[in-house]
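An overview of the molecular structure
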Amino acid sequence: MNLKSFKVAVAAIAMVGMVFTGCTGEDGEDGPAGNANVSSATFTQLTADWKDPTGTSALRLDTLSVPAISQAVVNTGSVQVFQTFSQNTDSLVWNIMPHRYLAVNTAQTAVTNMNLLASYNVGQVYLNAYSDDRLLVTIDDMFIKVVIIPSAAKVAGVDVTNYEELKAVYGIQEFDVR
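Throughout what follows, the structure given in this document is the object of discussion. Since the model is a prediction, treat every value here as computed from it, not as a measurement.

As a further point, take the pattern of salt bridges. Side chains bearing opposite charge may pair, as long as their charged atoms lie close to each other. Tallying each qualifying case throughout the model produces four salt bridges. Residues Asp-62 and Lys-51 are paired through a salt bridge, measuring 3.1 Å at the closest nitrogen-oxygen approach. Here Asp-62, found in strand S2 (residues 60-65), pairs with Lys-51, found in the loop between strand S1 (39-45) and S2; they are 11 residues apart in sequence, far enough to count as distant. A residue is classified by how much of its surface remains accessible, and Asp-62, at 12% relative accessible area, is buried. Of the charged contacts in the structure, one is a salt bridge between Arg-100 and Asp-132, with a shortest N-O distance of 2.6 Å.

Structure, rendered in C-alpha cells:
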C-alpha cells in the first residue's frame, strides 16, 4: 500500500467512525408551537396618527400598511386586529377590535364611550375611532396588533377573538413593533 492509498483509507475510516459514533449529549428543549404561515405585526399608533376627515369631527381615521394581507387571505383567511393602551410590555392585555372604552372629552366636561373599529383589504388595515356622543376626544397612544391567518393555516376550534389563544396555538410573538 502506498502512502496516498494509506491516507485515503485512514480518512475513510475516520469519517465512518464519526458518522456512527456522532455527538452525544442531551436534547435541547422543544421550541414554541407555531405556524410559519401565520404572521403578525404590531404598530405604534400615536395620538397624532389619527386623521380628522372634516377638521371638527368626532370621527378619527388611519390606515396601516400590512403587506401580508393578500387577496387569498381576504377571500378565505382571517385577519384579527387587537389593541392595547398598555405601555408595559411585560403585562400586555390585547383587546379585540371592535373595542369600546370610556374616555373624557377634550373640554374635560363629559365622559363618553369611545369605539375603535378595524376593517381590512389587500395590504391594508383601516382604523376608525368615534365617540357615541359625537364629542371630541383625544385618543391616547396605543399599540395595534394585526394577526394574519391564511386559510390553509386555520385550526378548527380556535377562538380567533382571544389573543392569548391565538398566541398559544400559532406561536405569535408577543411584541414585534414596526
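A separate point is the pairing of S2. By the alternation rule, side chains of S2 split into Arg-60, Asp-62 and Leu-64, which are all buried, and Leu-61, Thr-63 and Ser-65, of which none is buried. Two strands pair when backbone bridges link them, and S2 and strand S7 (residues 124-131) are joined in this way by six bridges, in the antiparallel orientation. Across the sheet, Asp-62 pairs through a bridge with Leu-127, a residue of S7.

What follows covers unusual backbone geometry. Put simply, Met-97 and Pro-98 share a cis peptide bond, and its omega is 15 degrees. Following the sequence through the fold, Pro-98 ends up in the loop between strand S4 (95-96) and strand S5 (99-104). Look at Gln-108: it is not a glycine, yet its phi comes out positive at around 60 degrees. Note that Gln-108 resides in the loop between S5 and strand S6 (111-121). Using a relative accessible area of 62% as the deciding quantity, one classes Gln-108 as exposed. Residues other than glycine seldom take positive phi values, yet Arg-134 does so here, at roughly 60 degrees. Note that Arg-134 resides in the loop between S7 and strand S8 (142-149). Arg-134 sits in the exposed class, given a relative accessible area of 62%.

Attention shifts here to the sheet that holds strand S3 (residues 78-84). Two orientations exist for strands paired in a sheet by backbone hydrogen bonds: parallel and antiparallel. As summarised here, the arrangement of the four strands in space is S1-S8-S3-S4, forming an open sheet in which the pairing is antiparallel. Lying at the two open borders of the sheet, with one neighbouring strand each, are S1 and S4. In this sheet, S8 lies alongside S3 in antiparallel orientation, the contact comprising seven bridges. Among the inter-strand pairings, Val-79 is bridged to a residue of S8, identified as Ile-148.

Cut-off values and rules
- Residues numbered from 1 in each chain as written.
- Predicted model: local features only at pLDDT ≥ 70, side-chain atom pairs only at ≥ 80, totals over all residues.
- Heavy atoms only, no water.
- Salt bridge = Lys/Arg side-chain N within 4 Å of Asp/Glu carboxyl O.
- Helix = DSSP H or I, 4+ residues; strand = E, 2+ residues; numbered from the N terminus.
- Buried < 20%, exposed > 50% of the residue type's maximum accessible area, 1.4 Å probe, protein only.
- Pairing = 2+ DSSP bridges.

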